[in-house]
Amino acid sequence: MVESSSLAVHSPSNKQPEIFERVPQRNRNFTGRESLLHQLREGMRSVTAVIPLPQALQGYGGVGKTHLAIEYAHRYGSHYDLVWWIPADQYYLVPSALAAMAPYLGLAPASIVGVEEAAESVRRALQKGEPYNNWLLIFDNAEDSRIERFIPRGPGHVIITSRNPNWDDQFRSLAVDVFTREESVEFLRKRLGSRITRDEADQLADKLGDLPLALEQVGALQRRGTMSVDQYIELLEKETSRLLDIERPKDYPLTMTAAWRVSVSLLEDRLAVALDLLRCCAFFGPEPIPLDVFRRGNKANAPSLAKILPDPIMLDKTVKELSRYALIRSDPESRTIQVHRLIQALLRNDLDEKRQGELRREVHLLLAGSAPKAADDNSKWRDFADLVPHVGPSEVVGSADPEVREFALNVVRYLYASANYKSALELIERFIDEWSKPEENHPDVLRARRHQANILRRMGEYDKVYELDRDTWEKVRAQFGPEHQETLIATNGLGGSLRARGEFRAALELDEELVRTHERLLGEDSVLTLRAKNSLALDYALNSQYGLARRLHTEVYLAQSEATSPTGFEIVLLSWNSMARSVRLTSDLEEACDTGEAALAFGVQKLSKDHWATLITAKDLSIAYRRAGALDEALASAHDTHTRLARLFGATHPDTVAAAVNVSNVLRVRGELADAFELAADMTRTYPLVFGNDHPFTLACQSNLAILHRLLGNPELARTVNEGSRRGLINRLGPTHHYVLSCSVNLQSDLAALGEFEQARQLGEQTYAQLADQFGHDHFLTMSCAANLALDRAAVGAPDAEELRLDTAERYRERLDLGQPDAVTAASGTRIDCDFDPLPI
């Protein structure tokens, strides 16, 4: 476009900022604005408060707010360590733009920790001045005041460009108006040199109302030397007169509209296909349009570009011509073109409704045709990021074309796969609302609802997910039939929701039938079959069937281990970790550590240390370390994993809460009872908020707190808590579930601590028989109960106490040599506690 100050007077310093990213190219023809630049600079430097106020450049479209900010960035960039440009016209995309800064600040990137966390970590780091306290951020076209929450308030500087006058209330505002007449004349003379006199420049400026964008248009035409100033003014007056007689949106300056019409008319005479491309670009967003859209989308059904898409040479020529007429900005380095939003609006308004619809559809097909197909593949996320800014402005939501809707859903998948959950949820809800209008149960609506459920599941919103999954499953089943692939996928989602509600038996029954159906319809090795088998293996573990869980997790891992894509890496890691966890649950603790370490190394190498699947693996490995006796490693890993998960998901996300439970358990085993109690009490309050009061996880977590009540000298309270927990668990899961039996072992210890040895022995005898029947005599839960029962038999003088003690000691012998905590505790004649760690759902 237009302005920027005299480069002869203000040449850039030799010193460049260490980081200068995403700032548009400097305008060689920038003119004047010296007073505004001075006010802007002084506003940055002369602060009366400790924290500099953001500066808001405000004014109508076309007056040059963006170019003033570009010039400031280039002119004063050498005074900063970091300069970063953030397109802000679409609120939900601002977090992604901010998150892109994370690696430059030494922070985990969005591809690992998610967009929301990366954006927030960037804001915090800038606010603290770490690692740079001398920075400049520019939020361009920030019309939505909600953007304020992303703006750091720290030692650096912030510039906002906006047409929204409401920024006055929050920041220091600087009004940007049209050029002064002297600036207009200087701009045209600088652009055209000896081809225009001062008087002619004054005439043109007067006719165009000194609007910078309009002056850029006329300067481009005059530079081509195709007409005299008088001829141009004559054409301009004809267009202006005609425009006064027709209905015209009030937001468009009359002079700009007339100048634009003259440019378009002359362009059409010279190269008509260039106008076709320009009109097409009017239906993209105002952000840069990747030229790859036309290259990769060259097969799209776009009649208006029929002479351009199959001919890359013509495409290059057309882009060059549009750039010469100053109708687009072309950036060869980023291989993008950009059309000013005012010109886009004028182009759209010049077309009837039917033609607008045709061009909008062509843009939709170009976007769909140029987009990657694998939305989960993080190597393709850069391509998706370039397309996302055009999804809203091009009104993709209004398309009923199957290819376009597939693209729309892939954009949503990209957003939540990259952990940009809020943006993904906002977008999918818009799609569902729009697509439901003609037909509430349209297949695309049902598919979109499935993605909505996936997003909510990742966010830990389990109550919302269940209702959505149940309703979607019923509608999909009615629409497609019980054996359609969409129905199978919806059924798998419903099983996950049942697990999340604590309905473990119902989930198991559903998934057992689902696996049989998958194998019959799709075969044993189908990706969907393996996904169903993984769900069934989770059900087995949650229903105390550890051996079956281990066998099935191993089967799935082996079938998935040949994956080579980033998507496959995540699946392989989750499967590998599930196998390691099931090894731990079947009492092979050393092997669980070995397998968990191998899985974690794979996750760090293939996905990074901060990827959520890697963090889940690290949490499970910490539990294995704890049970195996590697307490230093367990505590370090537990603390680190909990911190990272809290940063990624928040303190009340189910995965974060599970990690906190592990931290408390490690602290207790190490004897740090006060810290363990504080965290356990906090988690006991948190679980009802996450899962509800009667969820098995909520009830089992209470038993962890009861252990600490007893160890800290309050066995009566421990007994009360354990009795309530046990009673609730029996109601939810039945009397032989491992959560119930673990709680019974702890209640047995409470009774013994209160001197009620016979009652403790009776409960111990019952629990020991149930554990031996369920898991065998060599399982760690059975052995814990046996060691405690031997103490209770001895306390009441039972003759078989010593026999049980010796038998249990023999079973613990190898584990004692390895230093496993339960074995050490049993050998010392102290009672063993059975703590709770929530299993994945």
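We now turn to the structure provided with this report.

Definitions and limits used
One numbering rule holds for all chains: residues counted from 1, following each sequence as written. Local features in this predicted model are restricted to residues whose pLDDT is 70 or higher, and side-chain atom pairs enter the listing and the counts only when it is 80 or higher, whereas totals over whole chains, interfaces and linings include all residues. To get the side-chain values, take all heavy atoms of the structure and skip hydrogens and water. In this text, helices come from DSSP runs of H or I with a minimum length of four residues, and strands from runs of E with a minimum of two, each type numbered from the N-terminal end. Three exposure classes are used, based on accessible area relative to the maximum for each residue type with a 1.4 Å probe and protein chains only: buried under 20%, partly exposed in between, and exposed over 50%. Strand pairing is assigned whenever DSSP identifies at least 2 bridges connecting the two strands. In this scheme, patches are assembled from residues that exceed 30% relative accessible area and form no salt bridge. Like charges are connected within 9 Å, while nonpolar side chains (Val, Leu, Ile, Met, Phe, Trp, Tyr) are connected within 5 Å. Accessible areas in this description were obtained via Shrake-Rupley with a 1.4 Å probe; residue shielding takes into account the shown protein chains only. One speaks of a salt bridge when a side-chain nitrogen belonging to Lys or Arg is within 4 Å of a carboxyl oxygen belonging to Asp or Glu. Only four residue types enter the charge count, namely Lys and Arg as positive and Asp and Glu as negative; His and the chain termini do not. Think of each charge as sitting on NZ of Lys, CZ of Arg, CG of Asp or CD of Glu. Nitrogen and oxygen atoms within 3.5 Å of one another constitute a polar contact, given that in protein one can donate a hydrogen and the other can accept it, and given that sequence-neighbouring residues count only through two side-chain atoms. Any two residues whose heavy atoms approach within 4.5 Å at even a single point are treated as in contact. Expected helix span is given by 1.5 Å per residue-to-residue step, counting one fewer step than there are residues. In this scheme, the bend at a residue equals the angle between the axes fitted to the seven residues that finish there and the seven that begin there. Geometry of aromatic contacts follows a simple scheme: Phe, Tyr and Trp rings, the Trp one being its six-membered ring, pair when their centres are within 6.5 Å, and the pair is stacked under 30 degrees between planes, edge-to-face over 60, tilted otherwise. Charge-over-ring contacts are defined here by two conditions on Lys NZ or Arg CZ: a distance within 6 Å of the ring centre and an angle within 35 degrees of the ring normal. Residues grouped as a nonpolar core are buried Ala, Val, Leu, Ile, Met, Phe, Trp, Tyr and Cys residues, joined through side-chain atoms within 4.5 Å.

### Notes on unusual backbone geometry
Omega for the peptide link from Glu130 to Pro131 comes to -5°, which places this bond in the cis form. Here Pro131 lies in the loop between α5 (115-128) and β4 (135-140). Positive phi, close to 70°, is recorded for Arg22, a residue that is not glycine. Tracing the backbone through its elements, the reader meets Arg22 in the loop between β1 (19-21) and α1 (34-45). Of the residues examined, Arg22 reaches a relative accessible area of 39% and is grouped as partly exposed. Phi is positive for Ser544, close to 70°, though the residue is something other than glycine. One can find Ser544 in the loop between α23 (527-542) and α24 (546-560).

### Brief notes about the sheet that holds strand β7 (residues 289-290)
Ordered in space as β7-β9-β8, the three strands form an open sheet in which the pairing is antiparallel. Two strands lie at the open edges of the sheet, namely β7 and β8 (329-331), each paired on one side alone. Where β7 and strand β9 (residues 336-338) come together, two bridges link them in antiparallel fashion. Directly across from Pro290, in β9, lies its bridge partner Thr336.

### As for a negative patch on the surface
On the surface, Glu590, Glu591, Asp594, Glu597, Glu633, Glu814 and Asp817 cluster together into a patch of negative charge. Contributions of two or more residues to the negative patch are made by α26 (589-606) and α36 (801-817). Relative to the assigned elements, Glu590 resides in helix α26. Note on Glu590: relative accessible area 31%, which makes it partly exposed.

### Describing the side chain of Thr336
Looking at the element boundaries, Thr336 is found in strand β9. The exposure class assigned to Thr336 is buried, which follows from its relative accessible area of 13%. Within the structure, Thr336 has its side chain in polar contact with the side chain of Ser334 (distance 2.8 Å). The residues contacting Thr336, other than those within four sequence positions of it, are Pro288, Ile289, Pro290, Leu291, Arg329, Ser330 and Asp331.

### Examining helix α30 (residues 673-691)
An α-helical segment advances 3.6 residues per turn. Residues three or four places apart therefore align on the same side. In this model, α30 (19 residues) spans 26 Å end to end at C-alpha, consistent with the 27 Å of a helix rising 1.5 Å per residue. Bending of α30 peaks at approximately 25° at the position of Arg685, with proline Pro688 no more than four residues after it. Every buried residue of α30 is accounted for by Leu673, Ala676, Leu679, Ala680, Ala681, Met683, Thr684, Thr686, Tyr687, Val690 and Phe691. The inward-facing, buried residues of α30 contact α20 (462-480), α21 (485-500), α29 (654-669) and α31 (696-711). After α30 finishes, the residue Gly692 shows a positive phi value of roughly 105°.

### Notes on the packing of aromatic side chains
Taken as a whole and judged by the stated rule, the model has 21 aromatic pairs. For the pair Phe569 and Phe602, a centre-to-centre distance of 6.0 Å together with 85° between the ring planes defines the contact as edge-to-face. Of this pair, Phe569 sits in helix α25 (residues 566-585) while Phe602 sits in helix α26; the two residues are 33 residues apart in sequence, bridging distant segments of the chain. As far as burial versus exposure is concerned, Phe569 and Phe602 are alike and both buried. Within the aromatic cluster, the residues linked to one another by ring pairs are Tyr462, Phe504, Tyr687, Phe691, Phe697, Tyr739 and Phe836. Looking at Arg146, its charged tip hangs above the ring of Tyr91, at a distance of 3.9 Å from the centre. For the cation-ring pair, Arg501 lies above Tyr466, with the distance from its terminal atom to the ring centre recorded as 3.9 Å.

### Brief notes about the environment of Arg28
Position of Arg28 among the secondary structure elements: in the loop between β1 and α1. Residue classification places Arg28 among the exposed positions, given a relative accessible area of 67%. Taking C-alpha positions, Arg28 is 59 Å from Gly496, a pair spaced 468 residues apart along the chain.

### Some words on the nonpolar core
With 179 residues, the main nonpolar core has Leu137, Phe139 and Phe294 as its most contacted residues. The element best represented in this core is helix α17 (residues 402-417), accounting for nine residues. In this view, Phe139 contacts Ile86, Ala88, Val94, Ile147, Phe150, Ile151, Val158, Ile159, Ile160 and Thr161; residues no more than four positions away in its chain are not counted. Formed by 69 residues, the second largest nonpolar core is a distinct cluster that contains Tyr462, Leu552, Leu667 and Cys701.

### A look at the side chain of Glu570
Locating Glu570 in the fold gives a position in helix α25. Of the polar contacts made by the side chain of Glu570, one reaches the side chain of Arg458; its length is 3.5 Å. Among residues more than four places away in sequence, those in contact with Glu570 are Arg458, Leu607, His611, Trp612 and Ala613.

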